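One letter stands for each residue in the lines below.
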Amino acid sequence: MTVMLDAKNNIKNFAEKESNKGVVYNTKDLNLWYGEGHALKNINLPIYENEVTAIIGPSGCGKSTYIKTLNRMVELVPGVRISGQILYRERNIFDKDYKVEDLRTRVGMVFQKPNPFPKSIYENIAYGPKIHGIKNKKILDEIVEQSLRGAAIWDEVKDRLHQNAYGLSGGQQQRICMARCLAIEPDVILMDEPTSALDPISTLKVEELVQELKKNYSIIIVTHNMQQAARISDKTAFFLSGEVIEYADTDKIFSTPSDKRTEDYITGRFG
């Protein structure tokens, strides 16, 4: 219990130091159970706007569960119970009058494996705007181009927009998925191991894209790759056994961590 309180106090002190920055998400005393399994334990975590926040930790520590809670996708799993609060722009996402559709319009997600729809590149990007009622082809054309440019893939696909997205490489498919996310103009982008299935060159392109996107979006990325977290994130949270052990500026986490467990994980002594 003392260790948990120390972590909570450290995060509170860190949040106070960062209080001049805009907070996009603020998680307060979040607990989550899968049946009898206690997957997330007293999570307290502010996420700041226009930054990349990395979530690191060994397999099964709660990383993916946490970000899937941020857009309430975790509730699709049978037997899930949740207590505590997650404030998005100061509003609790668990409030009964908060429509999950509205939340997911503001909070986009990119998954571990590229998952384009079995449609043309154009239709992949236009799908979200069409669902939201945009039918004008000129406007859709502009959204498609703007989104593909935003995902740094326009020049690679502009002459094949009406070909099936499955014909692209894995790295290109992942950037198509990112463009599809951008097309609905989200506020936050959640990324769950977005480069784990990609080759080094494609991974580099996605990392460069993340750095560019944070100018306009807040990005939360789950990664097993320590070097990736160190390269692209502004802040890093270390999860272990469902708890946040440490949360700080990425440079500090990787150079002078406060908790020995963080140091042990980063240096490869466990995990």
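Treat the numbers as computed from the prediction; the structure is a model and nothing was measured. Numbers given for residues are sequential positions, taken from 1 along each chain in its written order. Local features are withheld for residues below a pLDDT of 70 in this predicted model, meaning they are given only at 70 or higher, and side-chain atom pairs are given and counted only at 80 or more; totals for whole chains, interfaces and linings count all residues. Hydrogens and water are ignored here; the side-chain numbers use all heavy atoms of the structure.

**Q** Sorry, what's going on with the pattern of salt bridges here?
**A** As a working rule, side chains carrying opposite charge can pair if their charged atoms are close by. Salt bridges are identified by distance alone: a Lys or Arg side-chain nitrogen within 4 Å of an Asp or Glu carboxyl oxygen. Taken as a whole and assessed by the stated rule, the structure comprises 18 salt bridges. Here Lys130 ties to Glu123 by a salt bridge, and the two come within 3.0 Å at their closest N and O atoms. A salt bridge links Lys214 to Asp234; the shortest N-O distance between them is 2.9 Å. With Lys214 in the loop between helix 8 (200-213) and strand 8 (218-222) and Asp234 in the loop between helix 9 (226-232) and strand 9 (235-240), this residue pair connects regions lying 20 residues apart in the sequence. A 1.4 Å probe rolled over the protein chains alone gives each residue an accessible area, and that area as a share of the maximum for its type sets the label: buried under 20%, exposed over 50%, partly exposed in between. Exposure remark for Asp234: the relative accessible area of 25% places this residue in the partly exposed category. Counted as one network, the salt bridges with shared partners bring together Glu49, Arg89 and Asp187. Only DSSP runs of H or I with at least four residues qualify as helices, and only runs of E with at least two residues qualify as strands; both kinds are numbered from the N terminus onward.

**Q** What exactly am I supposed to notice about the packing of aromatic side chains here?
**A** By convention, a stacked pair of Phe, Tyr or Trp rings (six-membered ring in the case of Trp) has centres within 6.5 Å and planes under 30 degrees apart, an edge-to-face pair has planes over 60 apart, and any other such pair is tilted. Using the criterion set out here, one finds four aromatic pairs in the structure. Ring geometry for Tyr66 and Phe239: centres 5.6 Å apart, planes at 45°, overall tilted. Placement of Tyr66 in helix 2 (residues 63-70) and of Phe239 in strand 9 is noted, with a sequence separation of 173 residues between them. Across the pair, Phe239 and Tyr66 agree in class, each one buried. Above the ring of Trp33, the side-chain terminus of Arg81 is found at 4.6 Å from the ring centroid. Comment: the charge-over-ring label is applied if NZ (Lys) or CZ (Arg) is within 6 Å of the ring centre and within 35 degrees of the ring normal. Here the basic side chain of Arg180 rests over the ring of Phe117, its NZ or CZ set 4.1 Å away from the ring centre.

**Q** Would you mind showing me how to read helix 4 (residues 121-131) here?
**A** Since the α-helix advances by 3.6 residues per turn, residues separated by three or four positions end up pointing in the same direction. Within helix 4, the full set of buried residues consists of Ile121, Tyr122, Asn124, Ile125, Ala126, Gly128 and Pro129. For helix 4, the elements touching its buried residues are helix 5 (137-150), helix 6 (154-157) and helix 7 (170-182). Remark: Gly133 follows helix 4 within two positions and exhibits a positive phi of approximately 95°. Contact definition: two residues touch when any of their heavy atoms are within 4.5 Å.

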